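# Residue-level structural notes
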Amino acid sequence: MSDPNPPEQPSFNQPAGSDPTTPIPSSQPASPGPGAPGAPGAAGAPVGGSTPPPPPPVAPTGGPSGMSSIPDPTREGAGFFTALFDFSFTNFVTPILVRFVYLLATVALVASWLIFVFAGFANSVGTGLAALILGPIFVIIYLAVIRMTLEFYLSVVRMSEDIHKRLPQA
């Protein structure tokens, strides 16, 4: 059963200078659908000559320099060899290396699991089945531990970068 008088819907036509994410309730009752009796205009046509609201303004990202607080992998510091041989430690190598290390860890864990499966089946069918069934569980656990460790290292480096950006240079 549908309610013949639907509840009032919020209007998303925002007055100038208001927050575009907060709906403002309309003082007009909800209009019936385009096919309903008394529906104004055609479907999708603006009512009363009003135009649809403009898109919400895009908020500037980051701090005073316009830098984004969300790291962009394409703009993360210098290149690998520049960061690796930076003896003043102004560029960090961790954000660059963490992806590669995680990829290597994933490949190494899957390869070792496959080796255990083949070695298990070479030993006996029961050992091979155990490695085949239980192996992915251990691979996922080890991969999660590696991922958490790498995320910890990366978060420490990013905190250090943020602190150095906010401190006045002496």
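Computed from a predicted model, the values in this text were never measured in an experiment. Starting afresh in each chain, residues are numbered from 1 along the sequence in its written order. In keeping with the predicted nature of the model, local features appear solely for residues at pLDDT of at least 70, side-chain atom pairs appear and are counted solely at 80 or more, and the whole-chain, interface and lining totals rest on all residues. Excluding hydrogens and water, the side-chain values take into account all heavy atoms of the structure.

## Observations concerning helix H2 (residues 94-123)
Each helix is a run of H or I in the DSSP string that is no shorter than four residues. Each strand is a run of E no shorter than two, and both are numbered from the N terminus. Expected helix span is computed as 1.5 Å times (number of residues minus one). In this model, H2 (30 residues) spans 41 Å end to end at C-alpha, consistent with the 44 Å of a helix rising 1.5 Å per residue. Summary of the burial criterion: residues with accessible area below 20% of their type's maximum are buried, those above 50% are exposed, and those between are partly exposed, where the area comes from a 1.4 Å probe applied to protein chains only. Taken as a whole, H2 has its buried residues at Pro95, Val98, Ala105, Leu109, Val117 and Gly120. Every residue pair with non-hydrogen atoms within 4.5 Å of one another is taken to be in contact. Looking at the buried residues of H2, the elements they touch are helix H3 (125-166).

## A few points about the packing of aromatic side chains
Each Phe, Tyr or Trp ring (for Trp, its six-membered ring) is paired with any other whose centre lies within 6.5 Å, and the angle between the two planes then decides the class: stacked below 30 degrees, edge-to-face above 60, tilted in between. Scanning all chains against the criterion turns up one aromatic pair. A centroid spacing of 6.0 Å and a plane angle of 55 degrees characterise the contact between phenylalanine 152 and tyrosine 153, whose relative ring orientation is tilted. Since its relative accessible area comes to 52%, phenylalanine 152 is described here as exposed. For tyrosine 153, a relative accessible area of 47% corresponds to the partly exposed category. Whether a charge sits over a ring comes down to the Lys NZ or Arg CZ being within 6 Å of the ring centre and within 35 degrees of the ring normal. Here the basic side chain of arginine 147 rests over the ring of tyrosine 102, its NZ or CZ set 5.0 Å away from the ring centre.

## Here's the deal with the pattern of salt bridges
For this analysis, a salt bridge means a side-chain nitrogen from Lys or Arg found within 4 Å of a carboxyl oxygen belonging to Asp or Glu. For the coordinates displayed, the defined rule picks out one salt bridge. Between arginine 147 and glutamate 151 there is a salt bridge; the shortest N-O distance is 2.7 Å. Of this pair, arginine 147 and glutamate 151 are both found in helix H3, four residues apart, which corresponds to roughly one turn of the helix. The partly exposed category is assigned to arginine 147, whose relative accessible area is 39%. On the basis of relative accessibility, which here comes to 41%, the residue glutamate 151 falls in the partly exposed class.

## A closer look at a nonpolar patch on the surface
Together, Phe121, Val125, Leu129, Leu132, Ile133, Leu134, Ile137, Phe138, Ile141, Tyr142, Val145 and Met148 make up a nonpolar patch on the protein surface, roughly 1,200 Å² of accessible area in all. Here the element with the most residues in the nonpolar patch is H3; it accounts for eleven residues. Along the chain, the position of valine 145 falls in helix H3. Among the residues examined, valine 145 registers a relative accessible area of 42% and is labelled partly exposed. Each patch is built from salt-bridge-free residues with over 30% relative accessible area, joining like charges within 9 Å and nonpolar side chains (Val, Leu, Ile, Met, Phe, Trp, Tyr) within 5 Å. Accessible surface is estimated by sampling points in the Shrake-Rupley manner with a 1.4 Å probe; for residues, cover comes only from the protein chains shown.

## Things to note about the packing of H2 against H3
Packing of H2 against H3 leaves a shortest axis separation of 9 Å and a crossing angle of 170 degrees. It follows that H2 is roughly antiparallel to H3 by the angle criterion. Looking at the contact of H2 with H3 residue by residue, the class counts come to 23 nonpolar, seven polar and two charged. Angular values range over 0 to 180 degrees, each being the angle between N-to-C directions of two axes fitted as lines to C-alpha atoms, with helices fitted over their stretch in contact. The cut-offs work like this: below 35 degrees is roughly parallel, past 145 is roughly antiparallel, 65 to 115 is roughly perpendicular, and the gaps in between are oblique. In this count, Pro and Cys sit with the nonpolar residues alongside Ala, Val, Leu, Ile, Met, Phe, Trp and Tyr, while Asp, Glu, Lys and Arg are called charged and the others, Gly among them, polar.

## Quick word on the confidence of the model for the protein chain
Detailed conclusions should not be drawn from predicted coordinates in areas where pLDDT is low. pLDDT expresses, on a scale from 0 to 100, how confident the predictor is about each individual residue. Summing up the model confidence of the protein chain, the mean pLDDT is 73 and the portion of residues at 70 or higher is 54%. This stretch, residues 59-76, has a pLDDT under 50; its non-local contacts, to residues over four places away or in other chains, come to 16 contacts.

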